[in-house]
Amino acid sequence: MSTTGIYGGKRTGVRVVVAGDRGTGKSTLISAVATEAFDRNVPPVLPPTRLPADLYNDLVPLTVIDTSSSLENSSKRNEELKRADVVVLTYACDQPMTLSRLSTYWLPELRHLGVKVPVILVGCKLDLQDEQAPMSMEQVMSPIMQQFREIETCIECSAATNNQVPEVFYYAQKAVLHPTTPLFDQERQALQPRCISALRRIFTLCDHDMDGALNDSELNEFQVKCFNAPLQPAEIVGVKRVVHEKLPDGINDIGLTLSGFLFLHALFIEKGRLETTWAVLRKFGYDDDLKLADEFVPVPSKRAPDQSVELTTEAVEFLRGIFRLFDTDNDGALQPHQLEDLFATAPESPWSELPFEDAAEITASGNLPLNAFLSEWALMTLIDPKKSMANLIYIGYTGAPASALHVTRRRSVDRKKQKTERNVFHCFVFGPKNAGKTALLNSFIGRSFSKSDTTTTGERFAVNVVNQVGGNKKTLVLREIPEDEVKTFLSKKTFLAACDVAVFVHDSSSEHSWKRSRELLVEVAKQGEESGYGVPCLLFAAKDDLDPYPMAVRDSLGISQELGIEAPVRVSMKLNTMNDVFNRILSVAEHPHLSIPETETRKNRKKYLQVVNRSLMCVSVAAAAAFVGLAAYRAYSARRNTSG
């Protein structure tokens, strides 16, 4: 059972692995910190040693693992190094060769093993160092630390004189609990971008009156929240004086500005007080990766495969307000720099990578309109609710998660009730290569047709708001399914559970394209029948500007009639004759009990149910007739007895 780890967002222990050349003092160092005494006769390799939680102020216990430097034990040592939270590499101050071995063997070996944890370099046997050849530690270590950025700190000690032995493991613990790398770039001597984003969000949350500065009251409230202790008036004056001397813009007539707030934290880090900045970050919910910890981003976890998550009206109205706030030129669209400012309090822009990048409509000048902005949020909520909720919080949403996210009713229930209450519909787009799937998605987000459109090699999404007759607006998400991956996707029983409607696109001028599209339709219909997640289907005959393949036209009509779905919709992205396809998709999705392909199994089941129903009807009619006859006979008997 592991003695270290993270529970409930808090670390329950730190695993320190000590490695280095033979004779550098590894075991003696561990023995000295555990017993507070120097022992000349320690075993070559000590068993795991647990240091008490109250040894340091953070009250987190350390488990120290000793290792052998011998070749025959390298496999076991490597396994221990891979499980480490922090590595202590030792060298002997009286053996210069062991120091050079750090950069020629040990540090490259850690990289080779994929060990990506902080490293503490420790010079042991300081009492034996040759005093005739003194060299400052900074001179020796600076080149090594430049080459190996994973080195957190360097320290020299002596177990014999108990000089700085506890400090070795204090720095090891500190490197795990309060790591430098996420906060500060040593090479640039500047705060990391994610650290700036997190501190910017914290500053914004503490600036209650939104005047761009923390006044004395706000600064004091921040101090109490993070450290449970108020600042005395003299301390506030002292803080402002330090900031103003180094960074005049850090203080204005109101109080501490954002630049001053960031400067203070950079100053803490440079002076080795990383625990101060980490205390602030963790108080506001950040983990070691400077993202909100899981417990600060609760999302609905219990939902069936055929349920989805949507934004509530409250969350959408919040997003509309945020959009207006950052649309400073009031042109109804966010420029790239405005969108960057909007997400400046998030670890990064959530839409800078697939599947969100290039998924929504942009203006000719490359700006993002309101509908596209809301569509991106709808897409993110649909496929990654946790990411959506986290980013809502990053940009300032302070309501409860339950007021931001809504779990939809099951699609199976929608089919039974023959209606749906969804606002976001998920459409899977199937079809062979070069059928026109990519062009369909491009058309949906306002991209003009181009012969240079290339076939999508992987999944792709396109999302937009569709204006319905009557003024209603719904969000439609098109998901392009690569032909090569259909078999893999359909091997998952719940794959179709997330689908509201399936569209099958074929090149109307190609025999092969039609036949392959028909095969895909049959495969999906069969999978829907077997899994219980049958979906409404539509056929699209693309490239209507080309001469049609006659057999495809006849066969597609026959297949539509046979399966009980609508006749193929003819479209041409090149000519922009779309036949209102996106409203058609929505219409089919909003009537989930219709347009589900009638497979042979489904037809037989319906016939069976019809026979059973007819049989039950006959039985009911016969029973009713018998009941009426019995009642008439009893009435007749009663009258005859009375007359008698």
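Within each chain, residues carry numbers counting from 1 in the order of the written sequence. In keeping with the predicted nature of the model, local features appear solely for residues at pLDDT of at least 70, side-chain atom pairs appear and are counted solely at 80 or more, and the whole-chain, interface and lining totals rest on all residues. Hydrogens and waters are ignored; side-chain quantities use all the structure's heavy atoms.

Two rings from Phe, Tyr or Trp (for Trp, the six-membered ring) form a pair when their centres are within 6.5 Å of each other. A pair whose planes differ by under 30 degrees is stacked, one over 60 is edge-to-face, and the rest are tilted. The tally for this structure, following the rule as stated, stands at 17 aromatic pairs. Measuring from centroid to centroid gives 5.7 Å for W351 and W377, while their planes differ by 80 degrees, and the two rings are edge-to-face. Here the residue W351 occupies a position in the loop between α12 (336-342) and β14 (368-369), and W377 occupies one in helix α13 (residues 370-383), the gap between them amounting to 26 residues. Residue class for W377 comes out buried when judged on its relative accessible area of 0%. Three or more aromatic residues link up through ring pairs in this structure, and these residues are F323, F343, W351, F373 and W377. Geometrically, a charge over a ring is one whose NZ (Lys) or CZ (Arg) sits within 6 Å of the ring centre while staying within 35 degrees of the ring normal. Over the face of the ring belonging to F428 we find R479, whose NZ or CZ atom lies 4.8 Å from the ring centre. Under the DSSP-based scheme used, a helix requires at least four consecutive residues in state H or I and a strand at least two consecutive residues in state E, with every element numbered from the N terminus. With a 1.4 Å probe rolled over the protein chains alone, any residue whose accessible area is under 20% of its type maximum counts as buried; one over 50% counts as exposed, and the rest are partly exposed.

Another aspect to go through is the side chain of N391. By the secondary structure assignment, N391 is in helix α14 (residues 385-394). By relative accessible area, which is 5% here, N391 ends up buried. Polar contacts involving the side chain of N391 include one to the main-chain carbonyl oxygen of K387, which spans 2.9 Å. With residues near it in sequence (within four places) discarded, N391 still touches F343, A346, E348, P350, W377 and M380. In the analysis that follows, any N or O atom pair within 3.5 Å is treated as a polar contact, provided that within protein one partner can donate a hydrogen and the other can accept it, and provided that, for residues neighboring in sequence, both atoms belong to side chains. Any pair of residues with heavy atoms lying within 4.5 Å of one another is described as a contacting pair.

Before going further, it helps to spend a moment on the pattern of salt bridges. Any carboxyl oxygen of Asp or Glu that lies within 4 Å of a side-chain nitrogen of Lys or Arg is treated as forming a salt bridge with it. Summed over the entire model, instances satisfying the criterion amount to 29 salt bridges. A salt bridge links D500 to R422; its shortest N-O distance comes to 3.7 Å. Of this pair, D500 sits in the loop between α17 (486-490) and β19 (501-507) while R422 sits in the loop between α15 (411-417) and β16 (424-430), and the two are 78 residues apart along the sequence. For D500, a relative accessible area of 7% puts it in the buried group. Here R516 ties to E523 by a salt bridge, and the two come within 3.5 Å at their closest N and O atoms. With relative accessibility at 17%, the residue R516 sits in the buried group. Taking the relative accessible area as the measure of exposure, E523 reaches 32% and is therefore partly exposed.

Turning our attention to the UniProt feature "domain: EF-hand" (unreviewed entry) in the protein. Taking the numbering used here, the UniProt-annotated feature "domain: EF-hand" (unreviewed entry) corresponds to residues 314-349. Spanning residues 314-349, this segment combines 56% helix with 6% strand, and its end C-alpha atoms are found 22 Å apart. UniProt positions are given in the numbering used here, feature names are shortened, and annotations may be inferred rather than shown by experiment.

To find the voids left in a structure, one rolls a probe of water-molecule size over its atoms. Throughout, the protein atoms alone are placed on a 1 Å grid, and a set of points is a cavity if a 1.4 Å probe fits but cannot get out or a pocket if it is open with protein on both sides within 12 Å along at least five of seven lines; lining residues have an atom within 4 Å of a point. Grid points are joined across faces, edges and corners, and a volume is the space filled by probe spheres set on the points. One pass over the structure, following the stated rule, counts 1 cavity of 30 Å³ or more. Here the largest cavity defines a volume of roughly 70 Å³. As for the largest cavity, its lining consists of R411, D414, R415, T420, R422, C499, D500, G534, V535, P536, A589 and P592. Tallying contributions element by element places α15 first for the lining of the largest cavity, with 3 residues. Of the residues in the lining of the largest cavity, the class split is 5 nonpolar, 2 polar and 5 charged. For this classification, Asp, Glu, Lys and Arg are treated as charged, while Ala, Val, Leu, Ile, Met, Phe, Trp, Tyr, Cys and Pro are nonpolar and the rest, including Gly, are polar.

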